[in-house]
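Observations on the model geometry
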Amino acid sequence: MKKIIFAIFLCSTLLLASSKDNTIEQKIDSLLTLMTLDEKIGQLTQYSGNYETGPSAGTVKNEFQKLVKEGKVGSFLNVHGATNTHEMQKIAVEQSRLKIPLLFGYDVIHGYRTTFPIPLAEASSWDPQAVEKSARISAIEAAAAGVHWTFAPMVDIARDPRWGRIAEGSGEDPYLGSAMAAARVKGFQGNSYGEKGTILSCAKHFAAYGGAEGGRDYNTVDMSERTLREIYLLPYKAAVDAGAATIMSSFNEIAGVPSTGSKFLLTDVLRKEWHFDGFVVSDWTSIPEMHTHGVAANDAESAMLALNAGTDMDMEGGVYRKHLPQLLKEGKVSEQTLNEAVRRILRVKLRLGLFADPYRNASPEAEKKDIYNAAHIAATRDVARKSIVLLKNEKDILPLKKEIKTLAVVGPLANNTEEPLGPWHQQGRPSDVVTVLDGITKTVSSDTKILFAKGCDIVGNDTKGFDEAVSIAKKSDVVIVVVGEAAEMSGEAASRSSLTLPGKQEKFVEAIQATGTPVVVVLMNGRPLAVTWIAEHVSAIVEAWFLGVQSGNAIADVLFGEYTPSGKLPVTFPRTVGQVPYYYNYKNTGRPMDEKQKYNSKYIDISNTPLFPFGYGLSYTTFEYSSPRLSASKITKKESLKVVVDVKNIGRRAGEEVVQLYIRDEYGSVTRPVKELKGFQKIALVPGEKKSVEFTLTPELLSMYDINMKWGVEAGTFKVYVGTNSVDVQEASFEVSEL
Ligand code: NOJ
């Protein structure tokens, strides 16, 4: 009976959805018959309406308003705030001929006003629910301010930490990256289009933008289709499967074809294989940049290539507006292609419910209530502490006692209110930031004496402040040294050729360490840093990334044991920049690294292991793993396998552990990575408690692209590894047979 009721429910839901879809398509059909060429191209046109500041503010605004009235623009980015968006929208829906509402986009990457940890930090939580919640809160705030659409999640895999945009994504692994991509899409968009407090998501930058040669932003990407599909494309696919409304094409070329003009990516893979039916927006001027890439002789050719490939909306390029009329006349772009692009954009606007409610409940009152409220601040503190990774804790120096007599807090980031906001802080304000010094001051006992000295700047060669910091370090029982990068050293156009601490900071840590007072280093940074000297000499290291407005409270929670750290690295930390690109799921080669022999794949001048491996992170308690138990030693290609492991908290504190499952397909028609993450679960255990964690390895998870680029499972032996990070694992093996 239950089954029948469920079937009826499912059928009626599907029918409802498809009748809603039909209504939307009919509405688009009728709009298309009414629209002039200018109005159609207008829907494909997006400008940055950042007219709030600058000498030409008024003029720019007037020009934009005129365009809106004429139906010559369909979307703005960087127009936000209920008052600003209302003003523009009112013109669109009251004064333009067809009253088609505008779509307002904004880069809500890690928060609107309540600034959350950077995405790389949140990925360190390995907690998709927490990440979904962070995206949801960002959506609520942005929606109250009239924003409809965020240019997030950024789901680019990054295997090279020189690339500054590694900060905006979820690291190096496609499985973890996919989980985070789906969580963020769900967080931004909710369960259905148009739900209150949601905004549209935009998975970017399609595709493989993170594969830039040398980690230099915007640089050439060249990789095999196998690597593209098995590593780089998976998180975009996960975002599409989770319902991402839009996709942004990337700046880079892949094997000679700029993504913005790639029919293979935008039509064959995205629309035909993945059945994506939202729209594609270019990245900022990435359409005209195809001329600079050297595949289009002029802007008109760029526009032709982009539209024909499947780029629907021109972000800030202005070339669709300028050249599509002529291209249509010449038959270089067909009316049908144009209509299809318009259809996709209108479809998303209709799905969002913009025609019915163009203002979507945004208002100054909603802004007051929904933006930067107490609940949001508490939530960002919670995600922030989950994002912290404990990298080293010799002799259990951490957690510190709150009753410490004298505590020195030093370093250029110890009392800094700007940098913890990270590279995309948008409406986040330095005045909202709780610094490490503030957080610690609120946490320690009232008898504790806190001494502060900045010591040095983040960059530059000035060491004049060293002496003061050293002298207070000498007088203290413990020193907390907060060092790292400036926020602007990661994010867009912020590639670095070195991975060491900038400026004189390492020398500064050396000077403090030399005092003999126990040292805890707290790192704030947007990428893995090669902090090799620190890792070898300092007793405790806390990786805090850029944690947003609640940085200091979250860090203090961890330093003083209010929260037991549970984060794990979503990316490998190299010992030196010379090792990059460096990632855990590498191929074995015919001569795997062996430092005792000569003729094999290694560097002769360093230790050939990572400084900290993928998946690594310590706790204040200890977890003991059993060996993995498999449900069978042999399965067929169509069967799944269960893997069970017991994990026990054998320490003295409650804590959370991220249990990780990796596989290795030992022999294939093509070589396979030495390890591939295929599952993880975050569990909480009180002292003495033991839990069994079960994973299911489905045929999909065991699949690969074979020598003929066919997706599927190959028969043969597989290894299974389970453990606390990608290196410390226990293994078992099983066989997959043809039948
Ligand atoms: C360029 C960046 O690459 C992209 O990520 C961002 O969304 C757009 N600018 C809009 O600001």
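Residues numbered from 1 in each chain as written. Predicted model: local features only at pLDDT ≥ 70, side-chain atom pairs only at ≥ 80, totals over all residues. Heavy atoms only, no water.

So, the overall build of the protein chain
- Along the protein chain, the regular secondary structure elements total 22 helices and 27 strands.
- Taking 2.2 N^0.38 as the reference for a compact globule, 739 residues should give roughly 27 Å; the C-alpha atoms of the protein chain span a radius of gyration of 27 Å, in line with that estimate.
- Summarising its shape, the C-alpha atoms of the protein chain cover approximately 75 × 70 × 60 Å along the three principal directions.
- Here the protein chain, with 739 residues, has 60% of them falling under the buried criterion.
- Counting only carbon and sulfur atoms, one obtains 51% of the accessible surface of the protein chain, whose full area is about 28,700 Å².
- With 84 positive and 88 negative side-chain charges, the protein chain shows a separation of 3 Å between the mean positions of the two kinds. (Helix = DSSP H or I, 4+ residues; strand = E, 2+ residues; numbered from the N terminus. Rg over C-alpha atoms; globule rule 2.2 N^0.38 Å. Buried < 20%, exposed > 50% of the residue type's maximum accessible area, 1.4 Å probe, protein only. Areas by Shrake-Rupley, 256 points an atom, 1.4 Å probe, with all protein chains shown as cover. Lys, Arg positive; Asp, Glu negative; His and termini not counted. Charge placed at Lys NZ, Arg CZ, Asp CG, Glu CD.)

Quick word on the sheet that holds strand β14 (residues 478-484)
- Reading across from one edge, β11-β16-β15-β14-β12-β13 is the order of the six strands in this open sheet, with mixed pairing throughout. Each edge of the sheet is formed by a strand with only one pairing partner; in this case those strands are β11 (389-393) and β13 (449-453). Averaged over all pairs of adjacent strands, the angle between their axes in this sheet comes to 15°, without regard to strand direction.
- Summarising the sheet, β11 and strand β16 (residues 540-543) pair through four bridges and their orientation is antiparallel. Considered in β16, the bridge of Asn393 is made with Ala540. (Pairing = 2+ DSSP bridges. Axes fitted to C-alpha atoms, helices over the stretch in contact; angles between N-to-C directions.)

What to know about the pattern of salt bridges
- Under the defined criterion, the tally for this structure stands at 46 salt bridges.
- Where Asp277 meets Arg351, a salt bridge forms, and the shortest distance between an N and an O atom there is 2.7 Å. Taken as a pair, Asp277 in the loop between α10 (263-273) and β9 (279-281) and Arg351 in helix α14 (residues 335-352) lie far apart in primary sequence, 74 residues in all.
- Since its relative accessible area comes to 34%, Asp277 is described here as partly exposed.
- Judged by relative accessible area, which is 13%, Arg351 ranks as buried.
- Taken together, the shared-partner salt bridges connect Glu25, Asp29, Arg343 and Arg347 into one network. (Salt bridge = Lys/Arg side-chain N within 4 Å of Asp/Glu carboxyl O.)

Some details on unusual backbone geometry
- Cis geometry is found at the peptide bond from Lys204 to His205, where omega equals -5°.
- Looking at the element boundaries, His205 is found in strand β5 (residues 202-206).
- Going from Leu398 to Pro399, the amide bond is cis rather than trans, its omega being -5°.
- Non-glycine residue Thr285 carries a positive phi angle of around 55°.
- The topology assignment puts Thr285 in the loop between β9 and α11 (289-293).
- At Trp545, a position not held by glycine, the phi torsion is positive, near 50°.
- Along the chain, the position of Trp545 falls in the loop between β16 and α21 (551-559).
- Overall, the relative accessible area of 0% leaves Trp545 in the buried class.

Description of the packing of helix α6 (residues 128-144) against helix α7 (residues 174-189)
- In contact at an axis separation of 7 Å, α6 and α7 are set at 35° when each is read in the N-to-C sense. Relative to α7, the crossing made by α6 is right-handed. Judged by residue contacts, Pro128, Val131, Glu132, Ala135, Arg136, Ser138 and Ala139 of α6 engage Ala179, Met180, Ala183, Arg184, Lys186, Gly187, Phe188 and Gln189 from α7.
- The residue inventory of the contact of α6 with α7, partitioned by class, reads eight nonpolar, three polar and four charged. (Left-handed = near helix turned anticlockwise from the far one by under 90°. Contact = heavy atoms within 4.5 Å. Nonpolar A, V, L, I, M, F, W, Y, C, P; charged D, E, K, R; others polar.)

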